[in-house]
Amino acid sequence: MTVHVRRAGPLDAPAMAELLNAIIARGGTTAMTRPVTADGLAGHMNTPGAIWHVAEDAEGTVLGFQWIEPAPNLGPGACDIASFVRIGETGRGVASRLFQANRDAARAAGLSWINAEIRADNDSGLTYYQSRGFERYGMIRGKRLQDGTIVDKVLMRYDL
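Residues numbered from 1 in each chain as written. Predicted model: local features only at pLDDT ≥ 70, side-chain atom pairs only at ≥ 80, totals over all residues. Heavy atoms only, no water.

Participant: Which residues make up the overall build of the protein, and what values go with them?
Facilitator: In terms of regular secondary structure, the protein is built from four helices and seven strands. Reading the helices (α) and strands (β) of the protein from amino to carboxyl end gives β-α-α-β-β-β-α-β-α-β-β. With respect to the principal axes defined by its C-alpha atoms, the protein has extents near 40 × 35 × 30 Å. Taking the contacts inside the protein whose residues are at least 6 apart along the sequence as the reference set, 59% of them involve residues at least 24 apart. (Helix = DSSP H or I, 4+ residues; strand = E, 2+ residues; numbered from the N terminus. Contact = heavy atoms within 4.5 Å.)

Below you can see the structure in the form of structure tokens.
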């Protein structure tokens, strides 16, 4: 399978919202519990310092997307990461290629480390970040999600 990774833009927002809403509806892997809109994602892309990438196949179908954005609450040089891959496309290298692009962009932006907060019950997410070289450094216990669900979250970091 051919996967092309490029910077994401506002015109990608409808396809990214469709992909993410399917993941949210299935539940269990993202902390998001309410559907997103294309306008909401397009607006989020305008967060100062945010860097978004999209992965697509040869036909232009969005297979996944990932963003990093500054995390000033974690100190200078820190950023948060979020990753999403279309249901049925995991395990094909989509997220790995997205991470390569965002890791390189984070370095170019002068960032020093990437923070990931992963639901403790999201085994595939934990495995993915660990396989990229992220290391566990903490936990958030009893995090309340938008729908009231309580989950633990694993904190992982990748030093640039």
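Participant: Please give an account of the environment of arginine 119 that cites residues and values.
Facilitator: Within the fold, arginine 119 resides in strand E5 (residues 113-119). Distance from arginine 119 to histidine 44, taken between C-alpha atoms, is 22 Å for residues 75 residues apart in sequence. Among all residues touching arginine 119, those that are not within four sequence positions of it are Gly28, Thr29, Thr30, Ala31, Leu126, Leu145, Val151, Asp152 and Lys153. A distance of 2.9 Å separates the side chain of arginine 119 from the side chain of aspartate 121, its partner in a polar contact. (Polar contact = N/O pair within 3.5 Å; in protein donor to acceptor, adjacent residues only side chain to side chain.)

Participant: Mind laying out the nonpolar core, listing which residues take part and the relevant values?
Facilitator: Residues Ile81, Ile114, Tyr129, Phe134 and Met156 are the most contacted members of the largest nonpolar core, which totals 24 residues. Secondary-structure elements contributing two or more residues to this core are strand E2 (51-56), strand E3 (62-70), strand E4 (78-85), helix H3 (94-108), E5, helix H4 (123-131) and strand E7 (150-159). No other element matches the six residues that H3 contributes to this core. Those residues in contact with isoleucine 81 that lie beyond four places of it in its chain are Gln66, Trp67, Ile68, Phe99, Ile114, Asn115, Ala116, Tyr129 and Phe134. One finds Ile23, Val36, Trp52 and Val54 within the second-largest nonpolar core, a separate group that totals 20 residues. (Core = buried A, V, L, I, M, F, W, Y, C linked by side-chain atoms within 4.5 Å. Buried < 20%, exposed > 50% of the residue type's maximum accessible area, 1.4 Å probe, protein only.)

Participant: Help me get a handle on H3, residues and values and all.
Facilitator: If you check H3, its first and last C-alpha atoms are 22 Å apart, about what 15 residues at 1.5 Å a residue would give, namely 21 Å. Looking at H3, one finds that the buried residues are Val94, Ala95, Leu98, Phe99, Ala101, Asn102, Ala105 and Ala106. Seen along its axis, H3 keeps its buried residues to an arc of 165 degrees; they face one direction. Phi for glycine 110, located one or two positions after H3, is positive at around 80 degrees. (Expected span 1.5 Å × (residues − 1). Arc of directions from axis to C-beta.)

Participant: How would you explain the sheet that holds E4 if you had to name every residue and give the values?
Facilitator: With mixed pairing, the seven strands of this open sheet are ordered in space as E1-E2-E3-E4-E5-E7-E6. Because the sheet does not close on itself, it has two edges, and the strands there are strand E1 (4-7) and strand E6 (135-144). Strand-to-strand twist of the sheet, defined as the mean angle between neighbouring strand axes without regard to direction, takes the value 25 degrees. Note that E5 and E7 share seven bridges and pair antiparallel. Residue pairing in the sheet places arginine 119 in a bridge with lysine 153 of E7. In the packing of H3 onto the sheet, contacts are made with E1, E2, E3, E4, E5 and E7, and the angle to E3 comes to roughly 30 degrees. Here H4 sits on the sheet in contact with E3, E4, E5, E6 and E7, set at roughly 160 degrees to E5. (Pairing = 2+ DSSP bridges. Axes fitted to C-alpha atoms, helices over the stretch in contact; angles between N-to-C directions.)

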